[in-house]
Amino acid sequence: MMHRDRSRTLIRATWPIPLLIALATVAGLVAALTGDGWHDVPAWLALAAPLIALAWARRARR
């Protein structure tokens, strides 16, 4: 039983941020494809999320 609890904790600790980045990316793509003008701002911000996460991870490794 202990192994199962540990596995759930690991999943809960690992997946929230990647899922959030994926959802932001999808939202950015939808915003970019469905409109122009004010849609561009949230699209750029959401599509920048993976790049920001990558830069943060690289900086944290140094």
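In this report, we go over the structure that sits alongside the text. (Residues numbered from 1 in each chain as written. Predicted model: local features only at pLDDT ≥ 70, side-chain atom pairs only at ≥ 80, totals over all residues. Heavy atoms only, no water.)

Structural notes on the overall build of the protein chain
- Scanning the protein chain for helices and strands turns up 4 helices and 0 strands.
- Ordered by position from the N terminus, the helices and strands of the protein chain form the series α-α-α-α.
- Radius of gyration (C-alpha) of the protein chain: 16 Å, far over the 11 Å computed for a compact globule of 62 residues.
- Oriented by its inertia axes, the alpha-carbon framework of the protein chain measures out at about 55 × 30 × 10 Å.
- Counting across all 62 residues of the protein chain, residues that qualify as buried make up 8%. (Helix = DSSP H or I, 4+ residues; strand = E, 2+ residues; numbered from the N terminus. Rg over C-alpha atoms; globule rule 2.2 N^0.38 Å. Buried < 20%, exposed > 50% of the residue type's maximum accessible area, 1.4 Å probe, protein only.)

A short note on helix 4 (residues 49-61)
- For helix 4, built from 13 residues, the straight-helix expectation of 18 Å at 1.5 Å per residue is met to within 8% by its first-to-last C-alpha distance of 18 Å.
- Burial of helix 4 is sparse: only 0 of the 13 residues sit out of reach of the surface. (Expected span 1.5 Å × (residues − 1).)

A closer look at the environment of Arg 61
- Structurally, Arg 61 is set in helix 4.
- Classification of Arg 61 by relative accessible area gives exposed; the value is 78%.
- Taking the C-alpha atoms as reference points, Arg 61 and Trp 38, 23 residues apart in sequence, are found 36 Å from one another.

Some points on a nonpolar patch on the surface
- Residues Ile 11, Trp 15 and Leu 19 make up a contiguous nonpolar surface patch of about 320 Å² in total accessible area.
- Within the secondary structure, Ile 11 is located in helix 1 (residues 2-14). (Patch = residues over 30% accessible without salt bridge, like charges linked within 9 Å, V, L, I, M, F, W, Y side chains within 5 Å. Areas by Shrake-Rupley, 256 points an atom, 1.4 Å probe, with all protein chains shown as cover. Salt bridge = Lys/Arg side-chain N within 4 Å of Asp/Glu carboxyl O.)

Some points on the packing of helix 2 (residues 16-34) against helix 3 (residues 40-47)
- Two numbers describe how helix 2 lies on helix 3: the axes approach to 8 Å, and their chain directions differ by 150 degrees. Here helix 2 is positioned roughly antiparallel relative to helix 3, judged by the angle of their axes. The two elements helix 2 and helix 3 meet at a crossing, and its hand is left-handed. On helix 3, the residues touching Ala 24, Thr 25, Gly 28, Leu 29, Ala 31 and Ala 32 of helix 2 are Ala 43, Ala 46 and Leu 47.
- Tallied by class, residues from the contact of helix 2 with helix 3 come to 7 nonpolar, 2 polar and no charged. (Axes fitted to C-alpha atoms, helices over the stretch in contact; angles between N-to-C directions. Parallel < 35°, antiparallel > 145°, perpendicular 65-115°, else oblique. Left-handed = near helix turned anticlockwise from the far one by under 90°. Contact = heavy atoms within 4.5 Å. Nonpolar A, V, L, I, M, F, W, Y, C, P; charged D, E, K, R; others polar.)

So, the side chain of His 39
- With respect to the element layout, His 39 can be found in the loop between helix 2 and helix 3.
- Residue classification places His 39 among the buried residues on the basis of a relative accessible area of 17%.
- Excluding residues within four positions of it along the chain, His 39 makes contact with Ala 31 and Thr 34.

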